[in-house]
Amino acid sequence: MNYPLFLARRLSLGNNGRKMSPAVIVAIVAVAISVAVMIASIAIVLGFKREITEKVVGFNGHISLFRMPSSEEDDNLITIDDYVKGLLESFPFITEYNPQASIPAILKTEEDFKGVYLRGLTGEKASAYIAENLEEGSLPDYEDEEQRNKVLISRVAAKQLKLNLGDKVDTYFISDDVRVRRLEIAGIYNTHFDQYDEIMMFGAMPLVARLGNLDEGSGTYIVIQTDDFDKVGDYTLQLQERINRDVAYGETNYFYRTDNVLSQGRGFFSWLSLLDTNVVVIIILMMVVGCVTLVSGMLIIILERKKFIGLMRALGANTGKIRAVFIYMAIRISFIGILIGDILVLLFLYFQATYHFIPLDADSYYIDFVPVSLPEWIIPALDGGVLLVTYFVLVLPSRFVGKISPVESMVRSE
């Protein structure tokens, strides 16, 4: 029988059966706060990564495929011909691909004007992303030719030009000549991604193709979606290697270049990587705070139980067994604190994810609330890590038990 564990479970965390001492309460509170802060910091960073990644992917897709001009007279337009279609469909990780194109345009009202890019709204993921960020209106059905003169503009552009839902705006497209279209605003979106919101307007791909003199199924590049964002780098390399091999064996007359969202949004992902460092610092600091308070609480418990220590040694218990009793008691304190911390942080994460009661400055953080995201394995893993660290930290101060003389402890207690 493991009697140190049995005694640790039966002994009160107070002195002589009284309520918990202030030192124990402080230790429990410190552990609870430390665990809650560590889990919350991880959830917030993961939430930021998820939101920013979704924004960058929403505008760029996972992988972009470009055709390189073969001569100075050749253009860089890419078409989903038999080779490109066979190439993309040969990779099981590619879930969606669509030609994409953007053309410069000038929106002009009676009072002001603004330069933007009209981008074709193609693909289920891109359409779903813009739909999620619509503040007014809805996505037009671009399969209906009568709705192909309807566009989606950003909240930023709408404010600058004082445009409202349903308004019509004269739009000038400048290429070889100047073309004017009167476009209707079918929706106003707001992603809080000003780098894109400032310049992007979305419309029907057939309209973009017609204004840009593109053939059906052609674009300036092809947007590719994959089944796993975390493997985008490997997927891009596989696709480029296949293209290089096909060029070498003469299976295609053109050379294609790949790019991906990791390079297109390098600045944003670099910023997110800095947050990882902040989380590591927070976890270390919180772990130190929790361990220090636990050590203090453990020493106080040892001092309050000198009579118990003396009695156990008089009965023949060795120092190691007595040390184990107090280590188990400190771990018991740690477990209570961890349980309280888990409950507190889960309540916080639920209410924040549901009601977004903690706001943010969207101009600085690209989102107007604190996002949270927590995989199911994080809490058990962190709790287990805290208990493991606690055990090793408490081994050293438990040696203080060996310095207490059984004779002195019994005499003083009497």
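Structure's up top.
We now turn to the structure provided with this report. (Residues numbered from 1 in each chain as written. Predicted model: local features only at pLDDT ≥ 70, side-chain atom pairs only at ≥ 80, totals over all residues. Heavy atoms only, no water.)

Considerations on the overall build of the chain
The helix and strand tally for the chain stands at 15 helices and 13 strands. In the chain, which comprises 414 residues, the share counted as buried stands at 47%. For the chain, contacts bridging at least 24 residues in sequence account for 76% of all contacts bridging at least 6. When the accessible surface of the chain is totalled, it reaches about 21500 Å², and 57% of it is carbon and sulfur. (Helix = DSSP H or I, 4+ residues; strand = E, 2+ residues; numbered from the N terminus. Buried < 20%, exposed > 50% of the residue type's maximum accessible area, 1.4 Å probe, protein only. Contact = heavy atoms within 4.5 Å. Areas by Shrake-Rupley, 256 points an atom, 1.4 Å probe, with all protein chains shown as cover.)

Digging into the sheet that holds strand β13 (residues 255-260)
Pairing between the strands of a sheet is mediated by backbone hydrogen bonds and can be parallel or antiparallel. Spatial ordering of the open sheet is given by β3-β12-β1-β13, a layout of four strands whose pairing is antiparallel. Single-partner strands in this sheet number two, and they are β3 (94-100) and β13. For this sheet, the mean angle separating the axes of adjacent strands, direction not counted, is 25 degrees. By the bridge criterion, six bridges tie β3 to strand β12 (residues 221-226) in an arrangement that is antiparallel. Within β12, the residue paired with E96 across the bridge is Q225. (Pairing = 2+ DSSP bridges. Axes fitted to C-alpha atoms, helices over the stretch in contact; angles between N-to-C directions.)

Some words on helix α8 (residues 232-248)
With 17 residues, α8 extends 24 Å between its outermost C-alpha atoms, agreeing within 8% with the 24 Å of an ideal straight helix rising 1.5 Å per residue. Taken together, the buried positions of α8 are V232, Y235, T236, L239, Q240, I243 and D246. Down the axis, α8 shows its buried residues gathered within 130 degrees of arc, on one side only. Those residues of α8 that are buried are in contact with β1 (63-68), α3 (82-89), β12, β13 and α9 (261-264). Looking at the residues trailing α8, positive phi occurs at G250, about 70 degrees. (Expected span 1.5 Å × (residues − 1). Arc of directions from axis to C-beta.)

A short note on the pairing of strand β9 (residues 178-189)
Note: strand β6 (residues 134-137) against β9, three bridges, orientation antiparallel. The residue of β9 that forms the bridge with G137 is G187. Relative to β9, strand β7 (residues 150-154) runs parallel, the two sharing five bridges. Within β9, the residue paired with V151 across the bridge is I185.

A few points about the environment of A157
Structurally, A157 can be placed in helix α5 (residues 155-161). Under the relative-accessibility criterion, A157 is labelled buried at 3%. Sequence separation between A157 and I188 is 31 residues, and the spatial gap between their C-alpha atoms is 9.1 Å.

Focus on the pairing of strand β4 (residues 102-108)
Where burial is concerned, the two faces of β4 differ: the one with I103, A105 and L107 is buried and the one with S102, P104, I106 and K108 is not. Sheet analysis places β4 next to strand β5 (residues 113-120), joined by seven bridges and oriented antiparallel. Looking across to β5, one finds that P104 is bridged to Y117. A loop of four residues connects β4 with β5, the two strands running antiparallel in sequence. As defined by bridge partners, β4 adjoins strand β8 (residues 168-174) across four bridges and the pair is classed as antiparallel. Residue pairing for β8: A105 is matched across the bridge by F173.

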